[in-house]
Amino acid sequence: MTEPQHLPRAVAALVEQAATPEFTAWRRNIVGLGGCANPVHLVGESTAFAADSGHALFSHSSAAYGGRLLVPCGNRRSTVCSPCARVYRADTYHLIRAGLVGGKGTPETVSDHPRVFATLTAPGFGPVHTRRERNGQVPPCRPRSPKERCPHDQPVGCAMRHSTDDPRLGEPICPRCYDYAGAVLWQARSGHLWHRFTIELRRELARRAGLPRTELRLAARLSYAKVVEYQRRGLIHFHAVIRLDGPDGPSTPPPAWATADLLTDAVHTAAGRVRLPSPGARVIGHRTLRFGAQVDVRPITEHGAVAAYIAKYATKGAEAAGAVDGRITTARHLVLLPVRVHVLRMIATCWWLGALPPFTSLELRRWAHMLGHRGHFSTKSRSYSTTLTALRTARTEHRAREQYRALGLDDRPTITIGHWRYAGRGYSPEAALVAATAHPTEGESTRD
Ligand SMILES: [Zn+2]
Ligand SMILES: [Zn+2]
Ligand SMILES: [Zn+2]
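What counts as what
- Residues numbered from 1 in each chain as written.
- Chains lettered and ligands numbered in written order.
- Predicted model: local features only at pLDDT ≥ 70, side-chain atom pairs only at ≥ 80, totals over all residues.
- Heavy atoms only, no water.
- Helix = DSSP H or I, 4+ residues; strand = E, 2+ residues; numbered from the N terminus.
- Buried < 20%, exposed > 50% of the residue type's maximum accessible area, 1.4 Å probe, protein only.
- Contact = heavy atoms within 4.5 Å.
- Donors = N, O, S within 2.8 Å, 3.2 Å for Na, K, Ca; no water.
- Tetrahedral: all angles 85-135°; square planar, octahedral: opposite > 155°, others 65-115°.
- Patch = residues over 30% accessible without salt bridge, like charges linked within 9 Å, V, L, I, M, F, W, Y side chains within 5 Å.
- Areas by Shrake-Rupley, 256 points an atom, 1.4 Å probe, with all protein chains shown as cover.
- Salt bridge = Lys/Arg side-chain N within 4 Å of Asp/Glu carboxyl O.
- Domains from an automatic or database assignment.
- Axes fitted to C-alpha atoms, helices over the stretch in contact; angles between N-to-C directions.
- Parallel < 35°, antiparallel > 145°, perpendicular 65-115°, else oblique.
- Nonpolar A, V, L, I, M, F, W, Y, C, P; charged D, E, K, R; others polar.
- Core = buried A, V, L, I, M, F, W, Y, C linked by side-chain atoms within 4.5 Å.
- Pairing = 2+ DSSP bridges.
- Phe/Tyr/Trp six-rings, centres within 6.5 Å; stacked < 30°, edge-to-face > 60°.

Details of the overall build of the chain
- Across its full length, the chain carries 13 helices and eleven strands.
- Seen along its three principal axes, the alpha-carbon backbone of the chain occupies a region of about 80 × 60 × 50 Å.
- For the chain, with 448 residues in total, the buried portion stands at 46%.
- In the chain, of all internal contacts separated by at least 6 residues, the share reaching a separation of at least 24 is 72%.

Written out as structure tokens, the structure is:
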């Protein structure tokens, strides 16, 4: 939020507001938003009834706040709303951690179940400038004879030792050789590739356990939580916690054959086996979509570090790869984007392919700002652990219970009935004044 532009007017409105009987509740509501950049306004009411007697115990109405109840926007991305992203990150951390050591409704015995941390990558679509470190040394980017040239008469190698902040990192060595269509199509189908991977993984586990495919679910259940990370080259990685439980999920012990070693090998095999034909072969030539050869799978020893790692990426968007932060709506808009040339080429490829009939179902124009990726940033299978919604509900209920307790109503089982509707967004000048005073640091844009 920013300081109100017309400070005297905001102060006058605040003085006016202070004269109303709802002022204290109104102010508490704004302070309680935690500095949210763009809160949502709700109008309505809800009442909690005692489950046994049906008596109304407690009512909650927007009228108590002077007409509107403000709630945080809840946006995941730190570039959109840094305070809400922080809450999202903490929730994701607890969700991942619960799946590793138990808690929040997941039994603690899950910590004995085999689980691995896997990274699945995108394949190469042409050589890019890279920096590696080997024994504290940085070898040349791509050593080749200077005489070796691509069809565009460009050198195919690069003898430079790039610094960590070199803007060329992730850029193709020859942009015209780089397969932008392949890269964008891979990205657009990456969610489907992941889905195919989970199918292959179940098959592979059954094979290694000596079970018919259909009987795996009677012996063990696979669960996972994954997050997407954008690389400098604009393509994503999947990072995932993958766990094996007994037939009824986290509360049941896995069968004896289910070990972390077996799971590790099965992930490698399954990831290597996934193949998808890309759409539109007649238009842009045939391509087979698959994961990159670099599949990293390791046992989880430091659960806190893994949870923090996944939580960190859950609050980032494609802007981590140098892309833009909102949807691109016109070709004119596209030309003016303040992005790296490589990113612009990926966005332009989305725009170009998005208009061709074989690709319309991929909605490439709509997802151009995500460089073609249309999946969710972080997803998990149902049995992994608690859900973000459950965590949010728990938080709201905790507040409600505090209010009940303050009213002497204790912990009676209740049923809540209510109706709320959307009534707008943002801060009025006087509300912005209160928010800026309560959370002074949130005005600056925080990119982390
Ligand atoms: Zn927010
Ligand atoms: Zn280079
Ligand atoms: Zn070339």
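Observations regarding the coordination of the zinc ion (ligand 2)
- The protein atoms that coordinate the zinc ion (ligand 2) are H129 (ND1), C141 (SG), C158 (SG) and H162 (NE2), at distances of 2.0 to 2.4 Å.
- One can describe the donor arrangement at the zinc ion (ligand 2) as tetrahedral, given that its four donor atoms subtend angles of 106 to 115 degrees at the metal.
- Mapped onto the polypeptide sequence, the residues donating to the zinc ion (ligand 2) form the spacing pattern H-x11-C-x16-C-x3-H. Pair check on accessibility: C158 and H162 agree, each one buried.

Concerning a nonpolar patch on the surface
- Taken together, L7, V11 and V15 make up a surface patch of nonpolar side chains, about 240 Å² in accessible area.
- Of note, L7 is situated in helix α1 (residues 7-18).

Some thoughts on the environment of A256
- Along the polypeptide, A256 turns up in the loop between β6 (236-245) and α7 (260-273).
- Once the C-alpha coordinates of A256 and A63 are considered, the two residues, 193 residues apart in sequence, prove to be 59 Å apart.

Notes on the domain arrangement of the chain
- Domain boundaries assigned for the chain yield domain 1 (1-39 + 426-448), domain 2 (44-69 + 387-415) and domain 3 (82-125 + 179-380).
- The centre of domain 2, based on its C-alpha atoms, is set 38 Å off from the matching centre of domain 3.

Section: the packing of α1 against helix α13 (residues 429-438)
- Interaxial distance between α1 and α13 falls to 8 Å at its minimum, and their mutual angle equals 90 degrees. Put simply, α1 runs roughly perpendicular to α13. Taking contact as the criterion, the partners of L7, A10, V11, A13, L14 and Q17 in α1 are, on α13, P429, E430, L433 and V434.
- Looking at the contact of α1 with α13 residue by residue, the class counts come to eight nonpolar, one polar and one charged.

Describing the nonpolar core
- Judged by nonpolar contacts, the single largest core of 66 residues is most densely connected at F197 and I242.
- At the level of elements, β4 (115-120), α4 (180-188), α5 (190-209), β5 (221-230), β6, α7 and α11 (341-354) are the ones that each hand at least two residues to this core.
- Looking at this core, the element that brings in the most residues is α4, giving seven residues.
- Discounting residues that sit within four places of it in the chain, I242 has contacts with P114, R115, V116, A118, F197, L201, L222, S223, Y224, L263 and V267.
- If you look at the next biggest cluster of nonpolar residues, it comprises 17 residues, including L95, I96, A307 and Y384.

Side note on the coordination of the zinc ion (ligand 1)
- Binding of the zinc ion (ligand 1) to the protein goes through C36 (SG), C73 (SG), C81 (SG) and C84 (SG), at separations of 2.2 to 2.3 Å.
- Angles of 105 to 115 degrees at the metal separate the four donor atoms of the zinc ion (ligand 1), which places the site in the tetrahedral class.
- Read N to C, the donor residues that coordinate the zinc ion (ligand 1) are spaced as C-x36-C-x7-C-x2-C. The two residues C81 and C84 agree in class, both being buried.

Focus on the sheet that holds β5
- Read across the sheet, five strands follow the order β9-β4-β6-β5-β10 without closing on themselves; strand pairing throughout is antiparallel. The open sheet has two edge strands, β9 (296-299) and β10 (378-380), and neither has a second partner. Taken over all neighbouring pairs, the strand axes of this sheet differ in orientation by 15 degrees on average, direction set aside.
- With four bridges joining them, β4 and β9 adopt antiparallel strand pairing. If you follow A118 over to β9, its bridge partner there is V297.
- Running over the sheet, helix α3 (residues 82-101) touches β4, β5, β6 and β10 and is turned about 40 degrees from β6.
- Running at roughly 50 degrees to β5, helix α9 (residues 303-314) makes contact with β4, β5, β6 and β10 of the sheet.

Considering the packing of aromatic side chains
- Tallying each qualifying case throughout the model produces ten aromatic pairs.
- With a centroid separation of 5.1 Å and 50 degrees between ring planes, the pair formed by W194 and F197 is classed as tilted. With W194 and F197 both in helix α5 and three residues apart, the pair spans about one turn of that helix.
- The exposure class of F197 is buried, given its relative accessible area of 1%.
- Here the aromatic cluster, defined as three or more aromatic residues joined through ring pairs, consists of W186, W194, F197, Y224, F238 and F291.

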